[in-house]
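Read off the chains here:
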Amino acid sequence: PEKLAAFQARIDAGERIEPKDWMPEGYRKTLIRQIGQHAHSEIVGQLPEGNWITRAPTLERKAILLAKVQDEAGHGLYLYCAAETLGISRDELTEQLLSGKMKYSSIFNYPTLTWADIGAVGWLVDGAAIMNQVPLQRTSFGPYARAMVRICKEESFHQRQGYDLIRKMAEGTPEQKAMAQDALNRFWYPSLMMFGPSDKDSVHSTQSMAWKIKINTNDELRQKFVDQTVPQAEFLGLTIPDENLKWNEDKGGYDFSEPDWNEFYEVLKGNGPCNADRMEARTRAWRDGAWVRDGLMAHARKQATRRVAAE
Amino acid sequence: PEKLAAFQARIDAGERIEPKDWMPEGYRKTLIRQIGQHAHSEIVGQLPEGNWITRAPTLERKAILLAKVQDEAGHGLYLYCAAETLGISRDELTEQLLSGKMKYSSIFNYPTLTWADIGAVGWLVDGAAIMNQVPLQRTSFGPYARAMVRICKEESFHQRQGYDLIRKMAEGTPEQKAMAQDALNRFWYPSLMMFGPSDKDSVHSTQSMAWKIKINTNDELRQKFVDQTVPQAEFLGLTIPDENLKWNEDKGGYDFSEPDWNEFYEVLKGNGPCNADRMEARTRAWRDGAWVRDGLMAHARKQATRRVAAE
Amino acid sequence: GHDLFTGLTRLGDNCLILGHRVSEWCGHAPVLEEDIALANMALDLIGQTQLWLGLAGEVEGRGRDADALAFRRDGWDFRNLLLVERPNGDFGQTLMRQFLFDAWHAPMLKALEGSSDDRIAAIARKAGKEVAYHIERSADLVIRLGDGTEESHARMQAALEALWGYAGEAFIADAVDTRLAEAGLMPAPESLRATFDETVNAVFAEATLTRPESDFAHQGGKQGRHSEHMGHLLTHMQWLQRAYPDATW
Amino acid sequence: GHDLFTGLTRLGDNCLILGHRVSEWCGHAPVLEEDIALANMALDLIGQTQLWLGLAGEVEGRGRDADALAFRRDGWDFRNLLLVERPNGDFGQTLMRQFLFDAWHAPMLKALEGSSDDRIAAIARKAGKEVAYHIERSADLVIRLGDGTEESHARMQAALEALWGYAGEAFIADAVDTRLAEAGLMPAPESLRATFDETVNAVFAEATLTRPESDFAHQGGKQGRHSEHMGHLLTHMQWLQRAYPDATW
């Protein structure tokens, strides 16, 4: 209890907690869950975009998309490393993902159906992710905060590229415009869901905010995202699929419709359009890759033995 | 020896040998090899054409191609049944195919690279096959001869459809014409190889002809094929890829270049463009299908047991 | 007019996409008899596609024939159920997909025989004869493999669990369905559920398979919101028509 | 002019098709570091494609840029080696394909640095730096997996046997190669064989892999006669440009 108070005092003073510092078990567990989930999201997040790599329409677009997916794998790597400092290995985390014990961001359970979706993912999904992540650069756990600094820089680059892609589509042929509008229609509400249910319905929020693992409320961030995105859509000549969307002078922001939270919970339960496909792809990659991981380990052991023998 | 003479006398008299009749071991073995190889050719022959089923350009063409590949599977079935009357099971034959102990027609080790190839396979490959098979309707072994009657009827239908397909291509856009000519260029010599090396180089021919397992010489049939095909190519406005092709008034047929027999032997050795892919596809089908075959057998056994128990 | 066009493309696209999937097996089936049976099924389905999409084009009246509809529409204009675009998976998944489809398709065609549009009734009669054989065959195989070896049972149960969430879409009406039913052109989707349930329950019982508890149904195909698999399928199916738009074949 | 165009498309198409194949792994690699490395390799290869095909278009002088060459040519106009269009197979096959390619590619680029055409030499210098890293990585992995577990050894040996017949094409000159070599534009293909042999022999020895005895070489890719796999690859790669020819992206 004394330790706990001292810990909270450090956090309140804006100090960073480092892996070797004492921390309450709840803090550790919450962070493992949050960082692990974030890492898994980067890994699973490769799949919807990877779906279009082989069909990218120009060499440059293909290179941009490859670089982006590569960055996501890189983010996964930083985050698994940050989680490892809390005493859980990457393999353990992976097994928890594959067994369904840990989740990843539900947004990746939606499909990428046209090339415009690749733009929408960059513009809306990365846009929402950044909105969530920027404050986390000031999170109390050092390795997580530092990973976030690096990630946010790359993500905002991705977002600009996504916006550029969808802009080309919105300014293109009638088919391209239709694809762009359709992408916005399909990704709008799932993007709003990325901030989570309203905080009044969220269980863990208060403690997480006290620990500075969570900085803003879900509703604050969602509002900020809407206010940022609506003018961008207008600039593109695309229509946000919300009849109730309206500028509210009083609050200095937009009024907008809530997403369908039933859908959110269905997707969380595993009933999203792509949950099964995503998990199957990751499970197959893990299972089919076992011999490679085993082979590399075996070689490393042999080399170590040979070095010892040579000494 | 007496039996042997009587057997030969029956054959010379034009009688049909039936499964229950006595026959020399060599006759049986040669027939198993020939019928088995023919059956395997029908099965493996599904693959180059199957390669284009999912890309067939119209619904009607897709239906025609499906029907054709289905017929080939059907031919495989008749022929395996004919071979079974000689005392070898379909599974044994399949295992000999997959182990490389038995061969299939080398023509199927060439790839189908454009839609025109589907026409070329029908026109040239089925054309050559019919040339080989029509005389076999008079072969001495009853089940084989009867299977051939049925097969030849369907094959000649396929050949007409193939010719119709390539005619559409030859009369089409410049790209289509190019595909048609390219298909002829690539399939011409492999089709000539389908008749086998010149009989003077062929070991088994004399005995097989005496037994009426083989009716014409390879060179006779090859000549007949060339004489039939050249005017068809001319009608299509396509050029046979042979500078030495010339009508020979004296022999009443065309002079033509020999195919590259080195290539023939390389393909036979396994070095054709598709040998490995074809065998991999068949091996995978067989291996992945094991649980289905086992499941069906197990169910049949259960049903039999239940019937007995109920009696 | 447009409702009928939509209804007909739903019928035709189901046949087209399932026929395409089934045709992917050509030359790769677990046993020769299945190579033949699968090709035969694909052939029936492609034939039915020609009829339904042919009529759809006629109803639309914009000069598009069945080929134009099959090979030149964009992904979002297809109206097939999500079920039929599921990848083949192993033979068990292909078979289970077929059975679930047939168990809806057969009563659907039966009901369509009573359509107020004679052209629809005529196609339904013709297709119904073929599909009566399809359901007989797929039900029989589901039973034999469900009640076969331990492995074949496990694979059939896994296939059922993977695909059950795609079985329900066919029975969920949208506004188009409702208007078509009111006009007597096509049956109300939910009216087919009882027959479907009866069929699958009986077959699963004999096959010793357990019907999943949740009746959650993925939706979207009927409205043109497909899965990622659909786009990959179309790259093959439409390739030649897209790459060489001026050609006739 | 036309010879140089052919020579440049051979270089560019190798990068394009191999880059495409490698990119198919995205999100499916056996370990996260490999997801990153494979994407990185694909990225390098696509970048090199832009340079080689860009120059090819310039040399051709008919207004085709790298994208036009990549996305609008027909299959038979591609000039890549058969090796690079081989399907990915398991990770071992992907890795072995990469190693065999790199073992040719690195000395090829080294030699191209001495091209009589400065533009070629400049591209070769840039690409050479990237490929020096590729060969280091692929050789290292071949050694580690060849001399790893029994299974990894068996898989690498099988991959070697499956792909060895595709390694030789790069070293067989046709008339175009000979004329390009005589003009000092590109090296004679056979001149690279010794370095290749040295590299692969050393790596196979350390990897405990047995080099196949037969040096039979499949040919055709350099002349536009590809495998059936190529057509399927193009349906994906060229899809959007073919389906929506009027669009810019």
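Thresholds, definitions, all that
- Residues numbered from 1 in each chain as written.
- Chains lettered and ligands numbered in written order.
- Predicted model: local features only at pLDDT ≥ 70, side-chain atom pairs only at ≥ 80, totals over all residues.
- Heavy atoms only, no water.
- Helix = DSSP H or I, 4+ residues; strand = E, 2+ residues; numbered from the N terminus.
- Rg over C-alpha atoms; globule rule 2.2 N^0.38 Å.
- Buried < 20%, exposed > 50% of the residue type's maximum accessible area, 1.4 Å probe, protein only.
- Contact = heavy atoms within 4.5 Å.
- Areas by Shrake-Rupley, 256 points an atom, 1.4 Å probe, with all protein chains shown as cover.
- Buried area = accessible area lost by both parts, 1.4 Å probe.
- Salt bridge = Lys/Arg side-chain N within 4 Å of Asp/Glu carboxyl O.
- Polar contact = N/O pair within 3.5 Å; in protein donor to acceptor, adjacent residues only side chain to side chain.
- Nonpolar A, V, L, I, M, F, W, Y, C, P; charged D, E, K, R; others polar.
- Patch = residues over 30% accessible without salt bridge, like charges linked within 9 Å, V, L, I, M, F, W, Y side chains within 5 Å.
- Lys, Arg positive; Asp, Glu negative; His and termini not counted.
- Charge placed at Lys NZ, Arg CZ, Asp CG, Glu CD.
- Axes fitted to C-alpha atoms, helices over the stretch in contact; angles between N-to-C directions.
- Parallel < 35°, antiparallel > 145°, perpendicular 65-115°, else oblique.
- Left-handed = near helix turned anticlockwise from the far one by under 90°.
- Least-squares fit on C-alpha atoms with pLDDT ≥ 70 in both.
- pLDDT = per-residue confidence, 0-100.
- Expected span 1.5 Å × (residues − 1).
- Core = buried A, V, L, I, M, F, W, Y, C linked by side-chain atoms within 4.5 Å.
- Phe/Tyr/Trp six-rings, centres within 6.5 Å; stacked < 30°, edge-to-face > 60°.
- Lys NZ or Arg CZ within 6 Å of the ring centre and 35° of its normal.

Before going further, it helps to examine the overall build of chain C. When helices and strands are counted, chain C shows eleven helices and zero strands. For chain C, the sequential pattern of α-helices and β-strands runs α-α-α-α-α-α-α-α-α-α-α. For 249 residues, the compact-globule formula gives about 18 Å, and the C-alpha radius of gyration of chain C, at 17 Å, lands near that figure. For the C-alpha atoms alone, the extent of chain C along its principal axes is close to 55 × 40 × 30 Å. Scored against the burial criterion, the 249 residues of chain C give a buried share of 64%. Counted over contacts in chain C with a minimum sequence separation of 6, partners at least 24 positions apart contribute 81%. Within the structure as shown, chain C displays about 8,500 Å² of accessible surface, and the carbon and sulfur contribution to it stands at 51%.

Let us look at the interface of chain C and chain D. Taken residue by residue, the interface counts eleven residues in chain C and eleven residues in chain D. Of the roughly 1,000 Å² buried where chain C meets chain D, counting both sides, 62% is carbon and sulfur surface. On the chain C side of the contact with chain D, Thr235, Trp239 and Arg242 of chain C bury the most area, a combined 53% of that side's loss. Counting across the chain C and chain D interface gives zero salt bridges. Our enumeration of links across chain C and chain D arrives at four residue pairs in polar contact (both at pLDDT 80 or more). When residues of the side of chain C that touches chain D are traced back to their parent elements, those giving at least two are helix 10 (228–237) and helix 11 (239–243) of chain C. Among the elements that take part in the side of chain C that touches chain D, helix 10 of chain C stands out by supplying four residues, more than any other.

To continue, consider the interface of chain D and chain A. Between chain D and chain A, the residue contacts involve 49 residues of the former and 46 residues of the latter. Approximately 4,000 Å² of surface area, both sides summed, lies buried where chain D meets chain A, with 69% of it carried by carbon and sulfur atoms. Scanning the region where chain D abuts chain A turns up three salt bridges. Residues Asp147 of chain D and Arg306 of chain A are paired through a salt bridge, measuring 2.9 Å at the closest nitrogen-oxygen approach. Put simply, chain D and chain A have 15 residue pairs in polar contact (both at pLDDT 80 or more) between them. At the level of elements, helix 1 (2–23), helix 2 (32–60), helix 3 (66–72), helix 5 (91–112), helix 6 (118–146), helix 7 (150–163), helix 10 (228–237) and helix 11 (239–243) of chain D are the ones that each hand at least two residues to the side of chain D that touches chain A. The element that contributes the greatest number of residues to the side of chain D that touches chain A is helix 2 of chain D, accounting for eleven residues. Tallied by class, the residues present in the side of chain D that touches chain A amount to 25 nonpolar, 14 polar and ten charged.

What follows concerns a negative patch on the surface. Where like charges cluster on the molecular surface, the negative patch consists of Glu84, Asp91, Glu92 and Glu95 of chain A. The residue Glu84 of chain A is located in helix 4 (residues 59–84) in this model.

Moving on, we get to the packing of helix 2 (residues 25–44) of chain B against helix 4 (residues 59–84) of chain B. Residue and element names in this part refer to chain B. Following both chains from N to C, one finds helix 2 and helix 4 inclined at 160 degrees, their axes separated by 8 Å at the closest point. The orientation of helix 2 with respect to helix 4, classified from their angle, is roughly antiparallel. As for how helix 2 packs across helix 4, the hand of that crossing is left-handed. For the pair helix 2 and helix 4, the contacting residues are Ile35, His38, Ala39, His40, Glu42 and Ile43 in the first and Glu72, His75, Gly76, Leu79, Tyr80, Ala82 and Ala83 in the second. Taken together, the residues of the contact of helix 2 with helix 4 sort by class into seven nonpolar, four polar and two charged.

With that settled, the discussion passes to the relation of the copies chain C and chain D. It takes a turn of 180 degrees to lay chain C on chain D, together with a shift of 0.0 Å along the axis; the resulting RMSD is 0.0 Å. Expressed as an axis order, the relation between the two copies is that of a two-fold axis. Looking at chain C, 100% of its interface residues are interface residues in chain D too, so the copies touch through the same face.

Confidence along chain C averages 97 in pLDDT terms, with 100% of residues attaining 70 or more. Scored as a whole, the predicted complex attains pTM 0.96, and scored at its interfaces, ipTM 0.96.

Attention shifts here to helix 13 (residues 290–310) of chain B. Taking 1.5 Å per residue, 21 residues should reach 30 Å; helix 13 of chain B reaches 30 Å between its end C-alpha atoms and fits that length. Where helix 13 of chain B is concerned, the buried positions are Trp291, Val292, Arg293, Gly295, Leu296, Ala298 and His299 of chain B. Where helix 13 of chain B is buried, its residues meet helix 12 (275–288) of chain B together with helix 5 (91–112), helix 6 (118–146) and helix 7 (150–163) of chain C.

The subject of this paragraph is the pattern of salt bridges. Residue and element names in this part refer to chain D. By the definition in use, this model includes 84 salt bridges over all chains. Close ionic contact of Arg21 with Glu24 constitutes a salt bridge, the shortest N to O distance being 2.9 Å. Two residues, Asp197 and Arg211, come together in a salt bridge whose shortest N-O distance is 3.1 Å. Taken together, the residues span a long stretch of sequence, with Asp197 in helix 9 (residues 193–206) and Arg211 in the loop between helix 9 and helix 10 at a distance of 14 residues. Residue class for Asp197 comes out buried when judged on its relative accessible area of 18%.

This next bit is on the nonpolar core. Ranked by size, the top nonpolar core spans 143 residues in total, and within it Trp115 of chain A together with Met96, Phe99, Leu100 and Trp104 of chain D carry the most contacts. When residues no more than four places from it in sequence are discounted, the contact partners of Trp115 of chain A are Trp52, Ala56, Pro57, Arg61, Leu65, Leu165 and Met169 of chain A together with Leu240 and Trp249 of chain D.

The next subject is unusual backbone geometry. In this model, Lys212 of chain B sits at a positive phi of 55 degrees, which is unusual for a non-glycine residue. Secondary-structure assignment places Lys212 of chain B in the loop between helix 9 (205–210) and helix 10 (218–236). Even without being glycine, Thr208 of chain D reaches a positive phi, approximately 55 degrees. Position of Thr208 of chain D among the secondary structure elements: in the loop between helix 9 and helix 10. By relative accessible area, which is 41% here, Thr208 of chain D ends up partly exposed.

Checked against the element boundaries, Gln37 of chain A lands in helix 2 (residues 25–44). According to the relative accessible area criterion, Gln37 of chain A is partly exposed, its value standing at 30%.

Before going further, it helps to examine the packing of aromatic side chains. Scanning the model with the defined rule gives 34 aromatic pairs over all chains in all. An angle of 80 degrees between the planes, with centres 5.3 Å apart, marks the rings of Phe264 of chain B and Tyr265 of chain B as edge-to-face. Assessed through its relative accessible area of 40%, Tyr265 of chain B is described here as partly exposed. Taking the centre distance of 5.9 Å and the plane angle of 65 degrees together, the rings of Phe99 of chain C and Phe204 of chain C count as edge-to-face. Within this pair, whereas Phe99 of chain C is found in helix 5, its partner Phe204 of chain C is found in helix 9 (residues 193–206), the two being separated by 105 residues in sequence. The residues Phe99 of chain C and Phe204 of chain C share a single accessibility class, namely buried. The rings of Phe99, Trp164, Phe171, Phe196 and Phe204 of chain C are connected pair by pair, giving a single aromatic cluster. The aromatic ring of Phe78 of chain C is capped on one face by Arg73 of chain C, whose charged end is 4.2 Å from the ring centroid.

Another aspect to go through is helix 10 (residues 218–236) of chain A. Residues and elements named next belong to chain A. Helix length check: helix 10 (19 residues) gives 27 Å between terminal C-alpha atoms against 27 Å at 1.5 Å per residue, within 8%. For helix 10, the full list of buried residues reads Asn218, Leu221, Arg222, Gln223, Phe225, Val226, Thr229, Val230, Ala233 and Leu236. At the exit of helix 10 stands Gly237, carrying a positive phi of roughly 75 degrees.

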